[in-house]
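# Report on the structure
Residue strings, one per chain:
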There are 2 protein chains.
Amino acid sequence: MELNERKLQILQAIVADFIYSAEPVGSRTISKKYDMGLSPATIRNEMSDLEEMGYLTHPHTSAGRVPSDKAYRLYVDKLMGSSELAEDRKALIEAQLQQDAAELDDTIEKAARILSDMTNLVSFAITPSGRDDTLKYINLLPVDERTIVLMIVSDDGQISNTAVKLSCGYTEENLQLMSKVMTHNFKGKSVNDILTMNIIDSLKTDLSAMEGLTGDVVPSFLQTLEKMLDVDLYMDGYTNILSMPEYSDVSKAKSFLDTLKAKEHFTEVLVNRDNGLIITIGDENSELKDCSLITADYRVNGKLVGKLGVIGPTRMKYAEIASVIQYITDNLSKTFEITGDMTDDREHQ
Amino acid sequence: MELNERKLQILQAIVADFIYSAEPVGSRTISKKYDMGLSPATIRNEMSDLEEMGYLTHPHTSAGRVPSDKAYRLYVDKLMGSSELAEDRKALIEAQLQQDAAELDDTIEKAARILSDMTNLVSFAITPSGRDDTLKYINLLPVDERTIVLMIVSDDGQISNTAVKLSCGYTEENLQLMSKVMTHNFKGKSVNDILTMNIIDSLKTDLSAMEGLTGDVVPSFLQTLEKMLDVDLYMDGYTNILSMPEYSDVSKAKSFLDTLKAKEHFTEVLVNRDNGLIITIGDENSELKDCSLITADYRVNGKLVGKLGVIGPTRMKYAEIASVIQYITDNLSKTFEITGDMTDDREHQ
DNA sequence: GTTAGCACTCTTTTGTTTTGAGTGCTAACA
DNA sequence: TGTTAGCACTCAAAACAAAAGAGTGCTAAC
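Residues numbered from 1 in each chain as written. Chains lettered and ligands numbered in written order. Predicted model: local features only at pLDDT ≥ 70, side-chain atom pairs only at ≥ 80, totals over all residues. Heavy atoms only, no water.

## So, the pairing of strand S9 (residues 291-300) of chain A
All names here are of chain A.
- Here S9 lies mainly inside the structure; 9 of its 10 residues are buried.
- Pairing of strand S8 (residues 278-281) with S9, which is carried by 4 bridges, proceeds in the antiparallel orientation. Along S9, the bridge assignment pairs Ile281 with Ser292.
- Strand direction decides the pairing type here: S9 and strand S10 (residues 304-313), joined by 10 bridges, are antiparallel. (Buried < 20%, exposed > 50% of the residue type's maximum accessible area, 1.4 Å probe, protein only. Helix = DSSP H or I, 4+ residues; strand = E, 2+ residues; numbered from the N terminus. Pairing = 2+ DSSP bridges.)

So this is what it looks like as structure tokens:
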């Protein structure tokens, strides 16, 4: 059977209607609301065909039609078109993102909040991983008799520091020498490389004169590097789903939210997701098969990549949401480019 | 009317039963389950009295009795006794808290998680404010041509640092001088004092020779101090309420969760709350009048005070929950005392 | 003072009927 | 041959009715 122009039109009408109403769509509705000069009976015939082709389903005999995942996919790819974001929304996004956009983390968090507010869905965002950051230099600084600070500066200007409690004393000279050796050894190497290669051993021979100090500093150094690998995950708008008919049943809502709460796993899903504006629908997802995800990446300094997106039932306003996400991520990338040489002006853990 | 021994016994039975069943308690139930040698009729008479006295209410004629806030208050004060935590739970708490208890923040977060898991309620915790921390010294360190790090060390060993992007160049001597002057001016002063008193002006005269540098550093300094004031709020176990009969209605659950999400306000409530094990019931709360809160404080280095607690419907297992909270906060305080001189071994923002 | 007995109340449960949205099929129409 | 009116049929949801059951309050007897 062929998917002719009329079938597409009808399918589009059904999907669009269902997205808004959350009710199975009947032939009368289509015939009346979207007047395409066809009687309900004709539309019924077409619907019957569309069902046979796998685009529609039927909760029960006397109910209207509901789009299948396949229909949503077609809708997203061919039918929905792209929706231009209203000017006032654009302005709102810009205003809110710009407003004290000092720290990356805070801004990302804010972006997620805006996103969930505008879409009424659960939003999430991950920060870029520092795994490919290369080190610029390492500095050890005295604090008090038994405490020093380990400071790691990376080439793109990010600074991480940790206080290190020493088990033995130290001299300023020791610190300086050690800073020098460490910088020499690790300059230009990426965080990931340092952690996977066993560069630490070489350090021990270079600094054999001060074993005690090395023994205290190295674990902190590694720990700090590990932390630079970490990707933070923010979520917002959890409660939005509680006003959606799909989750009017508390136990459904609970199991959905509990799944989302297993953050670690979710982070992984996002990290492995392609860049660009990505929409996955229903069973295209490895998990949460009755949900859709829309994500897009954002750039920091034109390079490091984080992601931002929403999750919700397959019945969602794809076009509208996609345009919101796209606009926010574009804006984020711009923000962290314009203020490019200001992005250092924040603390990194 | 007098609240005699028998009335108390009956009231206790009713409250205890209702806490577990969430169903209005009838006279038969009390007579059978808690055999105190009285017929349902007698108990009915007593119940009627208790209702008149304001301890019980009546959803409708043919329903059992439900405890009022007043009854819970009496129950908590006089009737419930104290429940000793089971040994395996104690062990579990200790094991989980001890396990890499490196950073205060992480540990607090973990404590909140344990708490919500054990109580099946929403838990929350606030970290101590740094408002009364006194400064030990301030250090400015070179990073690159246009960037320095501002490091603030407080007397109890906490370290905060921020990268400062400069609008002009600097020399090492400048930094050292400025570090010295700032340390001299602010050593021994509390964060709060520095922020309220206008000490900044004096700094400008002392360092008039390097206006540019001062102009860049002072805002960052203030900003960092502001941050030290901040109290972080963690919440966990949001979804627990979705399995409670009180919130089987999605819209009720949503409005409860939305109220909790207004974090800022909630933080304030907690900060202003008394120390010790505090239980507030129903309309004793200024907000969320159909909920109860149980909180306790924990100490860090024997001094700084954070708080940990749960929130849920007035029908909660007060004794059990109180003992869990008490045990966790005791343990937290102990953890951050034993490793007393190790608590510096973490980063502070 | 306690309790058995009983009428009464009111929610919950269960069953029944009605309604109405929507389909599928057939037959007529253009 | 495609379109449509008409109609029987289906099924969930709503409305209604009846029954069950939990529990009370009161009275009278112990």
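Moving on from the model shown.
## Overview of the pattern of salt bridges
- Overall, the coordinates contain 34 salt bridges over all chains when judged by the stated rule.
- In this structure, the salt-bridge partner of Asp236(A) is Arg113(A), at a minimum N-O distance of 3.6 Å. Note that Asp236(A) is positioned in strand S7 (residues 233-236) and Arg113(A) in helix H6 (residues 104-119), a separation of 123 residues in sequence.
- For Arg113(A), a relative accessible area of 40% corresponds to the partly exposed category.
- With its nearest N and O atoms 2.5 Å apart, the salt bridge here joins Arg315(B) to Glu246(B). Of the two residues, Arg315(B) is situated in the loop between strand S10 (304-313) and helix H13 (318-338) and Glu246(B) in the loop between strand S7 (233-236) and helix H11 (250-261); the sequence distance between them amounts to 69 residues. (Salt bridge = Lys/Arg side-chain N within 4 Å of Asp/Glu carboxyl O.)

## Considerations on the nonpolar core
- Judged by nonpolar contacts, the single largest core of 153 residues is most densely connected at Tyr318(A) and Tyr318(B).
- When residues no more than four places from it in sequence are discounted, the contact partners of Tyr318(A) are Ile19(A), Tyr72(A), Tyr75(A), Val76(A), Met80(A), Ile279(A), Ile281(A), Ser292(A) and Ile294(A).
- Ranked by size, the runner-up nonpolar core spans 26 residues in total, among them Leu175(A), Val181(A), Val191(A) and Leu225(A). (Core = buried A, V, L, I, M, F, W, Y, C linked by side-chain atoms within 4.5 Å. Contact = heavy atoms within 4.5 Å.)

## A short note on the sheet that holds strand S5 (residues 147-154) of chain B
Residues and elements named next belong to chain B.
- Read from one edge to the other, the open sheet built from 3 strands follows the order S4-S5-S6, with strand pairing classed as antiparallel. Every interior strand has two partners, whereas the edge strands, strand S4 (135-144) and strand S6 (159-165), have only one. Averaged over all pairs of adjacent strands, the angle between their axes in this sheet comes to 20 degrees, without regard to strand direction.
- Pairing of S4 with S5 involves 8 bridges; the strand directions are antiparallel. From the neighbouring strand, Leu135 faces S5, where its bridge partner is Ser154.
- Docked against the sheet, helix H7 (residues 172-186) engages S4 and S5, running at close to 165 degrees with respect to S4.
- Across the sheet, helix H10 (residues 211-229) is in contact with S4, S5 and S6; its angle to S5 comes to roughly 40 degrees. (Axes fitted to C-alpha atoms, helices over the stretch in contact; angles between N-to-C directions.)

## Here's the deal with the confidence of the model for chain A
- This prediction gives chain A a mean pLDDT of 90; 96% of its residues lie at or above 70.
- Segment residues 339-349 of chain A: pLDDT under 50, and 30 contacts once partners within four positions in sequence are set aside and those in other chains are kept. (pLDDT = per-residue confidence, 0-100.)

## Notes on the packing of aromatic side chains
- This structure, assessed with the given rule, holds 8 aromatic pairs over all chains.
- Pairing Tyr247(A) with Phe256(A) gives two aromatic rings, centres 4.9 Å apart and planes at 40 degrees, and the pair type is tilted.
- The class of Tyr247(A) is buried, set by a relative accessible area of 6%.
- Summarising the aromatic geometry, the rings of Phe124(B) and Phe266(B) are spaced 5.1 Å apart at their centres and angled 90 degrees between planes, so their arrangement reads as edge-to-face. Here Phe124(B), found in strand S3 (residues 122-126), pairs with Phe266(B), found in helix H12 (residues 263-271); they are 142 residues apart in sequence, far enough to count as distant. In this pair, the class of Phe124(B) matches that of Phe266(B), namely buried.
- Sitting above the plane of the Tyr55(A) ring, Lys70(A) keeps its charged end 4.5 Å from the centroid. (Phe/Tyr/Trp six-rings, centres within 6.5 Å; stacked < 30°, edge-to-face > 60°. Lys NZ or Arg CZ within 6 Å of the ring centre and 35° of its normal.)

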